[in-house]
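# Summary of the model geometry
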Amino acid sequence: MYNIEELTKIIRERLSDYRFYHSLCVAESAKELARRYGADENKAEAAGILHDAMKENSKAEQLEVIERAGYEITPFEKDNKKFYHQISGAAFAKSEVGIDDEEVLNAIRYHTTGRENMSLLEEIVYLADFISADRTYDDIENIRAEAEKGKEYGMLYATQYTVKSVVEKGKPLHPDTVNAYNWLLKTYFNKK
């Protein structure tokens, strides 16, 4: 059982007011989704609290934590700083907070990109990060409406939103996101 109050204190010291509030919102959203879908609420809340623990650290600090925890970072990820925080967040949870539950660590590790064959907890934290109460970006109400129909609908819409947004900006698309999209279609919508 994770001590949410203690985890909240840990991230309060590390994050700006904006990022701290976002983390609280994601934790609450993850807890609610876990309740709805029969996942461990405590694990979901813990992963939600910690998911952005390294987001505001420098690239060098993030790489140091990743290395210390023994996590691997692909060449693609190394060239795209946007993905550091999900890897370094899991590394921080492991090496600095002492979390050894792979399910929680993977929920943090893949909360931005998603991936193929996500666990229920990974799906929950991925979706919670998209629909948390603090989110105000374009199309948020549509993503929330899709999530109300079911997590698979919310996840598919969120992943499509990510793919479209990244492509429109001419940015590289993480292979895990492509794999997550294809996996979602095949697994939940029987489209091959």
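Everything below is about the structure printed above this text.
The structure contained in this document is the topic of the report that follows. The residue numbering used here restarts from 1 in each chain and proceeds along that chain's sequence as written. Where totals are concerned, whole chains, interfaces and linings use all residues; where local detail is concerned, this predicted model gives features only for residues with pLDDT of at least 70, and gives and counts side-chain atom pairs only at 80 or more. Calculation of side-chain values draws on the structure's entire complement of heavy atoms; hydrogens and water are dropped beforehand.

This brings us to the packing of helix α6 (residues 84-95) against helix α7 (residues 102-109). In contact at an axis separation of 7 Å, α6 and α7 are set at 155° when each is read in the N-to-C sense. It follows from the interaxial angle that α6 and α7 lie roughly antiparallel. Here Gln86, Ile87, Gly89, Ala90, Ala93 and Lys94 of α6 lie close against α7, whose contacting residues are Leu105, Ile108 and Arg109. A fitted line through C-alpha atoms serves as each axis, taken over the contacting stretch for helices, and the angle formed by two N-to-C directions is quoted from 0 to 180°. Helix and strand definitions here come from DSSP, where helices need a minimum of 4 consecutive H or I residues and strands a minimum of 2 consecutive E residues; each element is numbered from the N-terminal end. Between 65 and 115 degrees an angle is taken as roughly perpendicular, under 35 as roughly parallel, over 145 as roughly antiparallel, and anywhere else as oblique. Contacts were defined at the residue level, with two residues in contact if any of their heavy atoms lie within 4.5 Å.

The next thing to look at is the nonpolar core. Leu50 and Tyr71 are the most contacted members of the largest nonpolar core, which totals 52 residues. In terms of residues, this core owes the most to one element, helix α8 (residues 120-131), which gives eight residues. What leucine 50 contacts, discounting residues up to four positions off in sequence, is Leu7, Ile11, Ala93, Val97, Ile99 and Ile108. What makes a nonpolar core is a set of buried Ala, Val, Leu, Ile, Met, Phe, Trp, Tyr and Cys residues whose side-chain atoms join them at distances within 4.5 Å. Only protein chains enter the accessibility calculation, which uses a 1.4 Å probe; a residue whose area is less than 20% of its type maximum is buried, one above 50% is exposed, and one in between is partly exposed.

Time to look at the environment of alanine 90. Residue position: alanine 90 is located in helix α6. Residues alanine 90 and methionine 54 lie 36 residues apart in sequence; the distance between their C-alpha atoms is 8.9 Å. Apart from the residues lying within four places of it in its own chain, the contact partners of alanine 90 are Tyr71, Leu105, Ile108 and Arg109.

Side-chain rings of Phe, Tyr and Trp (the six-membered ring for Trp) are treated as a pair once their centres are within 6.5 Å; stacked means planes under 30 degrees apart, edge-to-face means over 60, and tilted covers the remaining angles. The full count for this structure, using the stated rule, is five aromatic pairs. Only when the NZ of Lys or the CZ of Arg is both within 6 Å of the ring centre and within 35 degrees of the ring normal is a charge said to sit over the ring. The aromatic ring of phenylalanine 92 is capped on one face by arginine 14, whose charged end is 4.2 Å from the ring centroid. Its guanidinium or amino end placed over the ring of tyrosine 153, lysine 149 lies 5.0 Å from that ring's centre, counting from NZ or CZ.

Spatial relationships are all this shows, so hold off on functional conclusions.
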